[in-house]
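Analysis of the macromolecular model
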Amino acid sequence: MEILIEPWNQLVIHEVLELKFEDWITQIIASARSAGGGIPTIFWANGVSFHFATFPDTDTIVQEKLKGRIHYSSITFAIKEKFEKQIIREGGAVNFTDVSHNEIFSKLTERLRSQSKFQNMH
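Reading the values: the criteria
Residues numbered from 1 in each chain as written. Predicted model: local features only at pLDDT ≥ 70, side-chain atom pairs only at ≥ 80, totals over all residues. Heavy atoms only, no water. Core = buried A, V, L, I, M, F, W, Y, C linked by side-chain atoms within 4.5 Å. Buried < 20%, exposed > 50% of the residue type's maximum accessible area, 1.4 Å probe, protein only. Helix = DSSP H or I, 4+ residues; strand = E, 2+ residues; numbered from the N terminus. Contact = heavy atoms within 4.5 Å. Phe/Tyr/Trp six-rings, centres within 6.5 Å; stacked < 30°, edge-to-face > 60°. Patch = residues over 30% accessible without salt bridge, like charges linked within 9 Å, V, L, I, M, F, W, Y side chains within 5 Å. Areas by Shrake-Rupley, 256 points an atom, 1.4 Å probe, with all protein chains shown as cover. Salt bridge = Lys/Arg side-chain N within 4 Å of Asp/Glu carboxyl O. Pairing = 2+ DSSP bridges. Polar contact = N/O pair within 3.5 Å; in protein donor to acceptor, adjacent residues only side chain to side chain. Expected span 1.5 Å × (residues − 1). Arc of directions from axis to C-beta.

**Concerning the nonpolar core**
Formed by 13 residues in total, the largest nonpolar core has its most connected members in Phe50, Phe52, Tyr72, Ile75, Phe105, Leu108 and Leu112. With five residues, strand S5 (residues 69-79) is the largest single contributor of residues to this core. Discounting chain neighbours no more than four positions away, the residues touching tyrosine 72 are Leu11, Val12, Ile13, His14, Phe52, Ala53, Thr54, Phe55, Phe105 and Leu108. Among the nonpolar cores identified, the runner-up in size contains eleven residues, and Phe21, Ile29, Ile42 and Ala78 belong to it.

**Focus on the packing of aromatic side chains**
Evaluated as defined, the whole model comprises eight aromatic pairs. Taken together, a centroid distance of 5.7 Å and an interplanar angle of 15° make the contact between phenylalanine 43 and phenylalanine 52 stacked. Ring geometry for phenylalanine 50 against phenylalanine 105: centres 5.3 Å apart, planes inclined by 65°, an arrangement best described as edge-to-face. Of the two residues, phenylalanine 50 is situated in strand S4 (residues 48-54) and phenylalanine 105 in helix H3 (residues 103-114); the sequence distance between them amounts to 55 residues. The exposure class of phenylalanine 105 is buried, given its relative accessible area of 11%. Here the aromatic cluster, defined as three or more aromatic residues joined through ring pairs, consists of Phe43, Phe50, Phe52, Tyr72 and Phe105.

**Some words on a nonpolar patch on the surface**
On the surface, Met1, Ile3 and Ile5 cluster together to form a nonpolar patch covering roughly 490 Å² of accessible area. Within the element layout of this structure, isoleucine 5 appears in the segment before strand S1 (10-13).

**Points about the environment of phenylalanine 96**
Relative to the elements of secondary structure, phenylalanine 96 occurs in strand S7 (residues 92-98). With residues near it in sequence (within four places) discarded, phenylalanine 96 still touches Phe21, Ile25, Thr41, Ile42, Ser49, Phe83, Glu84, Lys85 and Ile87.

**Some points on the pairing of S7**
Across four bridges, the pairing between strand S3 (residues 41-45) and S7 is parallel. Paired with isoleucine 42 across the bridge in S7 is phenylalanine 96. In the sheet, strand S6 (residues 86-89) pairs with S7 via four bridges, with the strands oriented antiparallel. Paired with isoleucine 87 across the bridge in S7 is valine 94.

**Section: the environment of lysine 80**
Locating lysine 80 in the fold gives a position in the loop between S5 and S6. Residue classification places lysine 80 among the buried positions, given a relative accessible area of 9%. With 59 residues separating them along the chain, lysine 80 and phenylalanine 21 place their C-alpha atoms 6.7 Å apart. Of note is the side chain of lysine 80, whose polar atom sits 2.6 Å from the side chain of glutamate 84.

**A closer look at helix H1 (residues 21-34)**
With 14 residues, H1 extends 20 Å from end C-alpha to end C-alpha; this agrees with the ideal 20 Å at 1.5 Å per step. Here H1 has its buried residues at Phe21, Trp24, Ile25, Ile28, Ile29 and Ala32. Taken end-on, H1 shows its buried residues confined to a sector of 135°, consistent with a single buried face. Set apart from the buried face of H1 by more than 90 degrees, the exposed residues are Thr26, Arg33 and Ser34. Positioned one or two residues after H1, glycine 36 has a phi angle of 105°, which is positive.

All we've got here are geometric facts, nothing functional implied.
Next up, the structure:
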């Protein structure tokens, strides 16, 4: 039996939205409260916090994945230099997961960071 490991070769992002970190945290907490509570979790790598949305696995999307292409419908990110497991603000909290060990997320956050409008405003 032959074992093949075929890494992804392309990540296509259809919409990128950058926010100031504190504004985004306020928005995340408000959304969680209006959805009935719970503590949302956001990814973090290389000084960038982010969240992405994917497309449902339709036949077309599955065909793209088999070709090695991942499609994100959108990604929201904010510069956050230091990793913290949780941030508590008035009205709620947000958890963070350090995914910097993931090669795709590491390359993604390098790219996002390089195009950040708020890079030096934190």
